[in-house]
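Spelled out from the first residue to the last, the chains are:
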Amino acid sequence: MAEQITCWLGMTLMVLGLGMPQAVKASAQSSGDEQATSRRLEIVAPFDIKGADPLLSGILFQRMQVVETLVEVDATGELQPGLATVWKVSDDGLEWRFTLRSGVQFHDGSRLDAEVARQSLEIARAKPGILKSVPIERIVAADDHTLVIALSEPFAALPAYLADYRQQILAPASFDESGTAQQVIGTGPYRMLRMTPPLSLEVTAFEDYWGEQPEVRQARYQAVSRAEGRALIAESGDADFTYGLDPASRQRLSKSPRVTLAAAATPRTMLLKVNANHPAFQDPDVRRALSLAIDRTAIAQVVLRYPRGASQLFPPMVEGWHDPALPELHQDVFEARALLDAAGWTVGEDGVRQKDGQRLAISLITFSDRPELPLVATVLERQFHAIGIQTRLDITNFSAIPAGHHDGSLDMALFARNLAMVPDPIGNVLSDYAGTPEAPGGDWGAMGWFDADFTAELERMAREGYEPTPEGQDPRAQASGVIQQALPVIPIAWYYQNLAISHRLQRAQVDPWERSFGLSELRWAP
């Protein structure tokens, strides 16, 4: 069950209005309405705006509620109606029919119908992304409100794939002739007012939204790369939501009278990506030695200020994939050294292990968009040194990780992976750990590790779902066990989303699935 921390701030207007003369109350209400209309909510986070196309910054447009998808997700991870109100699949599993919501307009005044949704999904399908892996034969607008997706083979996870931000439905005028979005014309409760990549964008409430009108009418997002900069903005009262707080900032802001700190467990895990093509890491026992060298409890409690480290890849909130019965990852330096000795990596005169004249010296790359990553990388460097592995840290841009994956230059990388970007994690697991012998894994998953039986089982689950095995076991838990045994990636900590929320707001919530800032639910404190 999803853990969620909800912050209710301030008192209600109703309470404040008690005992006031009627005329004064009316005047105060009018003044309050005008103030609410003119106030602008300020959001500060570390993530740059890269462009209008969904592939570049689509997740940010989703969080700002500018765009919507056919299928939505609630706080527990369950699929909910979005721009599609209902959906059903044929008995043979080969045809899905989605009924679209009536009366939906895009921000340019054009109307949403099945043909427009079809065009938007076809554009998404032609680009890199998870939709390319779905066995779609054709997408058809059966009538104005019915979208039909025909498959060449069953694919039970299709509705979850349509909730992914890359499948956001945009107006035709958003795209140029090549299918690249040049504008963000969505259907959400907010429309884009202006966007200035990479630093800021502003939205305003969309008067013709199909749902309820939000009280917060204006909002601005600012990308601030340095954690101390974000903390200063929050402390000064110039931000209403401040995301990506490092431990030092949280400590500092805990004393601020202007903000409340909030945190929520998310389906994101900090992990170490290991190149299994590396001469040392081809041996699973060497990858296991790396894992045994890591003191996850110290990293979690001292560096991250989390309650505990990761005992497996999936956190407890990801039901089915998290297996409570799985033996926990743990630290055992003596066993780690023994595994390396047995693998033929002996300690040299300089304390660094070597084998056949090659020193066990590797590079570890990470990036500072998430401020805790360089801190944890520094700790890992010391913990690997304790078992005779020399580690060179490279704090760079996050794009260096997929680049190193593709050109084969990466040794290890540290990052935090959202394991439920597709609400059904099978989407991420397939893209990160399946593949072919020639192209195993994905940018943010395995590298050089391929298991044909595992890939086949993942593809089966995507087609047929998660019926228990004849032995009564959950196939998702079994898949987690395969990853735990092979360690193509090494989990470090289950992630918490940390932020500071201004006392100017009421009804602020932390979305554990990282899909929304919840702007439309917010209220200004009186």
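Coordinates for the structure precede this section.
Residues numbered from 1 in each chain as written. Predicted model: local features only at pLDDT ≥ 70, side-chain atom pairs only at ≥ 80, totals over all residues. Heavy atoms only, no water.

What is the right way to look at the overall build of the protein chain in this model?
Scanning the protein chain from N- to C-terminus turns up 15 helices and 23 strands. In terms of C-alpha radius of gyration, the protein chain reaches 25 Å, essentially the compact-globule figure of 24 Å for 526 residues. Seen through its C-alpha atoms, the protein chain measures out along the principal axes to roughly 85 × 60 × 45 Å. Looking at the protein chain as a whole, 54% of its 526 residues qualify as buried. Pairs at least 24 residues apart make up 70% of the contacts formed inside the protein chain by residues separated by at least 6 positions. For the protein chain, the accessible area works out to roughly 22,100 Å², and carbon and sulfur atoms hold 50% of it. Each charge class in the protein chain can be summarised by its mean position, and for the 47 positive and 67 negative side chains these summaries are 6 Å apart. (Helix = DSSP H or I, 4+ residues; strand = E, 2+ residues; numbered from the N terminus. Rg over C-alpha atoms; globule rule 2.2 N^0.38 Å. Buried < 20%, exposed > 50% of the residue type's maximum accessible area, 1.4 Å probe, protein only. Contact = heavy atoms within 4.5 Å. Areas by Shrake-Rupley, 256 points an atom, 1.4 Å probe, with all protein chains shown as cover. Lys, Arg positive; Asp, Glu negative; His and termini not counted. Charge placed at Lys NZ, Arg CZ, Asp CG, Glu CD.)

Would you mind showing me how to read the side chain of D323 here?
With respect to the helices and strands, D323 occurs in the loop between helix 9 (296-304) and helix 10 (333-342). Despite its burial, D323 pairs with no opposite charge; the closest candidate is R476, at 11 Å N-O. Within the structure, D323 has its side chain in polar contact with the backbone nitrogen of A325 (distance 3.0 Å). (Salt bridge = Lys/Arg side-chain N within 4 Å of Asp/Glu carboxyl O. Polar contact = N/O pair within 3.5 Å; in protein donor to acceptor, adjacent residues only side chain to side chain.)

Please explain the environment of A265 as it appears in this structure.
In this fold, A265 is placed in strand 13 (residues 259-274). On the basis of relative accessible area, A265 is assigned to the buried category, the value being 11%. For the pair A265 and M317, spaced 52 residues apart in the sequence, the C-alpha separation amounts to 7.8 Å.

I tried to follow the side chain of K273 on my own but got confused; where do I start?
When you line up the elements, K273 lands in strand 13. No salt bridge is formed by the buried K273. Its closest oppositely charged neighbour is D443, at 6.3 Å.

Would you mind going over the sheet that holds strand 11 (residues 218-223) with me for this structure?
Where strands meet in a sheet, backbone hydrogen bonds hold them as pairs that are either parallel or antiparallel. Read across the sheet, 10 strands follow the order 9-10-11-2-12-20-13-19-17-18 without closing on themselves; strand pairing throughout is mixed. If you trace the sheet from one side to the other, it starts and ends with strand 9 (190-196) and strand 18 (390-396), each paired once. Averaged over all neighbouring strand pairs, the angle between strand axes comes to 25°, with direction disregarded. Direction of pairing for strand 10 (residues 200-205) relative to strand 11: antiparallel, over a ladder of 5 bridges. Paired with E202 across the bridge in strand 11 is R220. (Pairing = 2+ DSSP bridges. Axes fitted to C-alpha atoms, helices over the stretch in contact; angles between N-to-C directions.)

When you look at the pattern of salt bridges in this model, what are you seeing that I'm missing?
Where charged atoms from two side chains of opposite charge come close, those side chains can pair. With the rule as written, the count across this model stands at 29 salt bridges. Of the charged contacts in the structure, one is a salt bridge between E95 and R97, with a shortest N-O distance of 3.3 Å. Judged by relative accessible area, E95 falls into the partly exposed class, the value being 30%. Of the charged contacts in the structure, one is a salt bridge between D285 and R288, with a shortest N-O distance of 2.4 Å. Here D285 and its partner R288 are both found in helix 8 (residues 284-293), 3 residues apart, which amounts to about one turn of the helix. Overall, the relative accessible area of 29% leaves D285 in the partly exposed class. Through salt bridges with shared partners, a single network forms among R40, E42, R194, E202 and R220.

Please clarify how the packing of aromatic side chains should be interpreted in this entry.
Each pair of aromatic rings is reported with the distance of its centres and the angle of its planes. For the coordinates displayed, the defined rule picks out 15 aromatic pairs. For the ring pair W87 and F98, a centre distance of 6.2 Å and an interplane angle of 35° mean the geometry is tilted. With W87 in strand 5 (residues 84-89) and F98 in strand 6 (residues 95-100), the pair connects residues that are 11 residues apart, well separated along the chain. Take W87: its relative accessible area is 24%, and that puts it in the partly exposed class. Taking the relative accessible area as the measure of exposure, F98 reaches 0% and is therefore buried. Judged by centre distance (6.3 Å) and plane angle (20°), the rings of W96 and F98 are stacked. Taken together, the ring pairs in this structure connect Y221, F241, Y243 and F517 into an aromatic cluster. The ring of Y243 is capped by R63, whose NZ or CZ atom sits 5.4 Å from the centre of that ring. (Phe/Tyr/Trp six-rings, centres within 6.5 Å; stacked < 30°, edge-to-face > 60°. Lys NZ or Arg CZ within 6 Å of the ring centre and 35° of its normal.)

How do you make sense of the sheet that holds strand 15 (residues 353-355) when you look at a structure like this?
Read from one edge to the other, the open sheet built from 3 strands follows the order 14-15-16, with strand pairing classed as antiparallel. A strand with exactly one partner marks an edge of an open sheet, and here the two such strands are strand 14 (346-347) and strand 16 (358-359). Bridge analysis of strand 15 against strand 16 gives 2 bridges, and the strand direction is antiparallel. What sits directly across from K355, in strand 16, is Q358.

Mind showing me how you'd approach the environment of R507 here?
Tracing the chain through its elements places R507 in the loop between strand 21 (505-506) and strand 22 (508-509). A sequence separation of 12 residues divides R507 from L519, and the C-alpha atoms of the two residues are 9.7 Å apart.

What am I meant to see in helix 15 (residues 475-486) here?
Residue pairs three or four apart in sequence face the same way in an α-helix, which turns once every 3.6 residues. For helix 15, built from 12 residues, the straight-helix expectation of 16 Å at 1.5 Å per residue is met to within 8% by its first-to-last C-alpha distance of 17 Å. Most of helix 15 is tucked away, with 9 of its 12 residues classed as buried. Positive phi appears at L487, one or two residues downstream of helix 15, with a value of about 50°. (Expected span 1.5 Å × (residues − 1).)

Teacher, can you tell me more about helix 13 (residues 426-433) here?
Most of helix 13 is tucked away, with 7 of its 8 residues classed as buried. Buried residues belonging to helix 13 abut helix 5 (158-161), strand 19 (412-418), helix 14 (452-464), helix 15 and strand 20 (489-502). At the exit of helix 13 stands G435, carrying a positive phi of roughly 120°.

I keep staring at the pairing of strand 13 and nothing clicks. Help me out?
Successive side chains on a regular strand alternate, one facing one side of the sheet and the next facing the other. Here strand 13 lies mainly inside the structure; 14 of its 16 residues are buried. Taken together, the 12 bridges between strand 13 and strand 20 define a ladder with antiparallel strand orientation. Bridge pairing links T260 to I501 in strand 20.

What exactly am I supposed to notice about the pairing of strand 5 here?
Pairing of strand 5 with strand 6, which is carried by 5 bridges, proceeds in the antiparallel orientation. What sits directly across from V86, in strand 6, is T99.

What am I meant to see in unusual backbone geometry here?
Note on backbone geometry: most residues besides glycine have negative phi, and most peptide bonds are trans. At the junction of P197 and P198, the peptide bond is cis and its omega measures out at 5° in the coordinates. With respect to the helices and strands, the residue P198 is situated in the loop between strand 9 and strand 10. At Q65, a position not held by glycine, the phi torsion is positive, near 60°. Among the secondary structure elements, Q65 is positioned in the loop between helix 3 (54-63) and strand 3 (71-73).

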